[in-house]
Amino acid sequence: GGIYARASTVLMTNCLIRDNAANGGWWAWGGAVFGGGLFIESGQWTVLNTVFRGNVAFNQANAYYYTNALGAGVFINGGNNLFRNCLFLSNTNLPVGDGGRTGPGAGIYMKPGTILDHCTIADNVTYCTNIVPAGAGVYLGGGVVSNCILYFNTTTGGVDNLAGPQTNYYYSCAPELTNGVNGNL
């Protein structure tokens, strides 16, 4: 992938993270492929005015285990993180060969402790078939999404902008969100 971070405190501003790839390959025994653009294992990140575009997380099944590709744009495993005024565009979780699998969250895969604020998440794709909804734009395993636009994110089943509890989405716009709940449009 592009950037791997562990137990770090970082301020990232006005950056372009694009055309990176995280590849599990056929040798990825029992693991998964995380974060083609950025993988935050832990720490405290503040990311402002940054574009994550054209990143890929892909894998290839082997004879012993099937791995998943997750969070092609950004994968967040933990920490306290803020993403503000960012664009997540055209990131892809991609299977390779027979039996290759992908997981959710091609734009961003979030766990607790992360805030996504005033961001646009669009045109991200995952070929995930084992998790529905897969949240091709945002997979929310924890954290908060506020004042964001999620649109034209897809899986093999069609439009799939978000996954995770809708109670954690505030003042945001996506076809799956209920109009008026938490101020969503």
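The structure under discussion appears in the preceding block.
Below or above, wherever it landed, is the structure these notes cover.

## Digging into the overall build of the chain
Next, step 1: Counting secondary structure elements, the chain contains 0 helices and 26 strands.
Next, step 2: For the chain, buried positions account for 47% of its 185 residues.
Next, step 3: Across the chain, contacts joining residues at least 24 apart in sequence account for 74% of those joining residues at least 6 apart.
Next, step 4: Of the roughly 8100 Å² that the chain leaves accessible, carbon and sulfur atoms contribute 54%.

## Describing the side chain of N161
Next, step 1: As for its placement among the helices and strands, N161 is situated in the loop between strand 24 (158–159) and strand 25 (162–163).
Next, step 2: Those residues in contact with N161 that sit more than four places away from it in its chain are G135, A136, G137, V138, L150, Y151, F152, N153, P175 and E176.

## Things to note about unusual backbone geometry
Next, step 1: The phi angle at H118 is positive, at roughly 55 degrees, despite the residue not being glycine.
Next, step 2: The exposure class assigned to H118 is partly exposed, which follows from its relative accessible area of 43%.

## Quick notes on the pattern of salt bridges
Next, step 1: Applying the stated rule across the entire model yields 2 salt bridges.
Next, step 2: When the shortest N-O distance is used, the salt bridge between D19 and R18 registers 2.8 Å.
Next, step 3: The salt bridge involving R84 is made with D117; its shortest N-O contact spans 2.8 Å. You can see R84 sitting in strand 12 (residues 80–84) and its partner D117 sitting in strand 17 (residues 114–117), a full 33 residues away along the chain.
Next, step 4: A relative accessible area of 34% places R84 in the partly exposed class.
Next, step 5: Judged by its relative accessible area of 10%, D117 is buried.

## Re the sheet that holds strand 2 (residues 8–13)
Next, step 1: Strand order in this open sheet of 6 strands is 2-7-12-17-21-26, and the pairing throughout is parallel. Sheet topology places strand 2 and strand 26 (169–170) at the edges, where each strand pairs with a single neighbour.
Next, step 2: By the bridge criterion, 6 bridges tie strand 2 to strand 7 (residues 43–48) in an arrangement that is parallel. Residue pairing across strands places V10 opposite W45, the latter belonging to strand 7.

## Focus: the environment of N55
Next, step 1: Secondary-structure assignment places N55 in the loop between strand 8 (51–53) and strand 9 (56–60).
Next, step 2: Residue classification places N55 among the buried positions, given a relative accessible area of 0%.
Next, step 3: C-alpha of N55 to C-alpha of G71: the two residues are 16 residues apart in sequence and 9.3 Å apart in space.
Next, step 4: Those residues within four positions of N55 in sequence are excluded, and the remaining contacts are I17, R18, D19, N20, G36, G37, A72, G73, S90, N91 and T92.
Next, step 5: Here I17 takes part through its backbone oxygen, which lies 3.0 Å from a polar atom of the side chain of N55.

Thresholds, definitions, all that
- Within each chain, residue numbers correspond to sequence positions counted from 1 in written order.
- Two thresholds apply to this predicted model, a pLDDT of at least 70 for residue-level local features and 80 or more for giving and counting side-chain atom pairs, whereas whole-chain, interface and lining totals are computed over all residues.
- Each side-chain value is derived from all of the structure's non-hydrogen atoms; neither hydrogens nor water enter the calculation.
- Secondary structure counts use DSSP, requiring at least four H or I residues in a row for a helix and at least two E residues in a row for a strand, with both numbered from the N terminus.
- Only protein chains enter the accessibility calculation, which uses a 1.4 Å probe. A residue is then buried if its area is under 20% of the maximum for its type, exposed if over 50%, and partly exposed in between.
- In this description, contact between two residues means that some pair of their heavy atoms is separated by no more than 4.5 Å.
- Values of accessible area rely on a 1.4 Å probe in the Shrake-Rupley scheme; residue burial ignores everything except the protein chains shown.
- Salt bridge criterion: a side-chain nitrogen from Lys or Arg within 4 Å of a carboxyl oxygen from Asp or Glu.
- A pair of strands is labelled paired if DSSP reports no fewer than 2 bridges between them.
- In the analysis that follows, any N or O atom pair within 3.5 Å is treated as a polar contact, provided that within protein one partner can donate a hydrogen and the other can accept it, and provided that, for residues neighboring in sequence, both atoms belong to side chains.

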